[in-house]
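# Remarks on the overall topology
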Amino acid sequence: MLTPKFICDGLSDLEIIRKSLEVVDYFSCLYERYEEKLMRYIKRVAFATDEEAADILQESFIKIWKNLNAVDQSLKLSSWIYRIVHNEAISFLRQKKSFGKNQNIPWDDTRYAELPDDTLPEEAEELEYRDKLTHHILARLPEQYKEVLILKFLENMSYEEISDILKIPEGTVAIRINRAKKIFRKYAEHPF
Amino acid sequence: MKPSEKLLQTIRERDIKPVPKGYFILRNALLWTGFAVAMLLGAVAFSVILFCIQQTDFDLVSHLSHSRLEFFLGLLPFFWIVSLIVFLVVAMTSFKHSGKGYKLETGRLAAYCAALSILLGALFFLAGGGRELEQAFGVRVGLYESIQEKKVKIWSMPANGYLSGTIETAGDSTITLHDFNSKTWIIEYADAFVAPVVALEAGEKVKMIGKQQGDGRFRAEEIRPWGGPGMRMRQK
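This structure is a prediction, so every number in the text was calculated from the model and none was measured.

A word on the overall build of chain B. The helix and strand tally for chain B stands at eight helices and six strands. Starting at the N terminus and ending at the C terminus, chain B contains elements arranged as α-α-α-α-α-α-α-β-β-β-β-β-β-α. Out of the 236 residues belonging to chain B, those deemed buried represent 29%. For chain B, long-range pairs separated by at least 24 residues make up 66% of all intrachain contacts whose partners lie at least 6 apart in sequence.

Dropping the structure here:
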């Protein structure tokens, strides 16, 4: 049975984990808390459809459940969760590449319907164009550069969080971001 | 059905249980033990390398021709150098997989591990561990050729000008030497350079460069202690 939202909202991530180990139902709080963010992240990093992203997220949370006792309290729990989801998403992407499936996921423009009412049509158009362009360039970037850019600029993560998610030193994160920005800029000059 | 409900249902249906905490504690303990053991073995390998370097006569290189130089290079402790590298890689891998090991850059981690191995290895060498281990390896491991065996080989080529052994008697210009192949030699050393640490007395182990004069006769040009300080230094 799902734990009601008002109970979940009153619990910290670590409290949810502690309670989940006693009663599995509490685990749904963790899923619901991160679902939206992680679905978006999976779609960005693995170019997955909604259905694929949902499957990846389910599998990731089963892994999170199995490793619940391995939670490192010195890490931000969100970083630990992102790490597992990231690994699952990347392995999906590699599998997809090895099977030669089409990676060009149709651009989901439904979210432009959610823009505030006072957004000018030109503004919305410009926003959509930039978003599509970003998606297009990211798809062309090597994996190691694409993932740092997504985490830094689309997920707004700190260097420390990125280092914990990708399990690489912070210095390496900085170097990769720097290189990724240069390549991104180069591609942006001749996007198509 | 909401995805979170589906998740709970899957966990229940498949009866998936979280892996016990003990497993992670044990895994972490094994990684740290692996790191510590690899570091210690690396230090031991380094101490033997130091011992081998101490025993190798690098100043001899200038006396050697190309083919003999290759033979001389065979004295370098490649087995221990490879062992040191392997142990350092194992230590680094264990560290990288433990807790927050990934935070440290590979280059820096390699430098720290190497520094720790050098420090511990130097201490072990100073305590005589390097010599003991190298000799024990030579005795117990059939395939392993100890540095002493290699050294005896290179210094038992009188026809090429290299001879070694233990002094039996010493006179003003000649020495009777019992070489490591149990052959007795009469050595003329009147014009030879004798290293100050060498005591030309019975029982002193020496090695010499010179020319073979005939069967059982050798004219020495340089006489040096066999290894480490000579008897004279030890007596001080």
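What follows continues from the structure just given.
What follows concerns the overall build of chain A. Across its full length, chain A carries nine helices and zero strands. Reading chain A from its N end, one meets helices and strands in the order α-α-α-α-α-α-α-α-α. Expressed as a percentage of its 192 residues, the buried residues of chain A come to 28%. Considering only intrachain contacts with a sequence separation of at least 6, the fraction spanning at least 24 residues in chain A is 60%.

Our next topic: helix α8 (residues 159-166) of chain A. Residue and element names in this part refer to chain A. Of all the eight residues making up α8, six are buried; the element is thus mostly covered by neighbouring parts of the structure. Among the residues of α8, those classed as buried are E161, I162, S163, D164, I165 and L166. Where the residues of α8 are buried, they touch α5 (77-98), α7 (143-154) and α9 (170-189). Immediately downstream of α8, the backbone of K167 shows phi near 55°, a positive value.

Residue and element names in this part refer to chain A. For chain A, the domain assignment lists domain 1 (1-106) and domain 2 (112-192). If you look at the interface, domain 1 gives eleven residues, while domain 2 gives nine residues. With four residues, α5 is the single largest residue contributor to the side of domain 1 that touches domain 2. Of the residues assigned to the side of domain 1 that touches domain 2, the class counts are five nonpolar, three polar and three charged.

Further remarks concern the pairing of strand β3 (residues 184-188) of chain B. Residue and element names in this part refer to chain B. The alternating pattern of β3 places W185 and I187 on a buried face, while none of T184, I186 and E188, on the opposite face, is buried. Pairing between strand β2 (residues 174-179) and β3: five bridges, direction antiparallel. Across the sheet, residue I175 finds its bridge partner in β3, namely I187. In this antiparallel pair of consecutive strands, β2 and β3, the connection spans four residues, and S182 shows a positive phi of 65°. Here three bridges tie β3 to strand β6 (residues 217-225), and the two strands are oriented parallel to one another. Across the sheet, I187 pairs through a bridge with F218, a residue of β6.

Right, let's talk about the packing of helix α3 (residues 27-46) of chain A against helix α1 (residues 3-13) of chain B for a bit. Relative orientation of the contacting elements α3 of chain A and α1 of chain B amounts to 140°, with a least axis distance of 9 Å. Every pair of crossing elements has a handedness; the one defined by α3 of chain A and α1 of chain B is right-handed. Each of F27, S28, Y31, E32 and E35 of chain A in α3 of chain A lies in contact with α1 of chain B, whose residues at this interface are P3, S4, L7 and L8 of chain B. Looking at side-chain class alone, the contact of α3 of chain A with α1 of chain B contains five nonpolar, two polar and two charged residues.

Definitions and cut-offs
Residues numbered from 1 in each chain as written. Chains lettered and ligands numbered in written order. Predicted model: local features only at pLDDT ≥ 70, side-chain atom pairs only at ≥ 80, totals over all residues. Helix = DSSP H or I, 4+ residues; strand = E, 2+ residues; numbered from the N terminus. Buried ≥ 20, exposed ≤ 12 C-beta atoms within 10 Å, placed from the backbone. Contact = placed C-beta atoms within 7 Å. Domains from an automatic or database assignment. Nonpolar A, V, L, I, M, F, W, Y, C, P; charged D, E, K, R; others polar. Pairing = 2+ DSSP bridges. Axes fitted to C-alpha atoms, helices over the stretch in contact; angles between N-to-C directions. Left-handed = near helix turned anticlockwise from the far one by under 90°.

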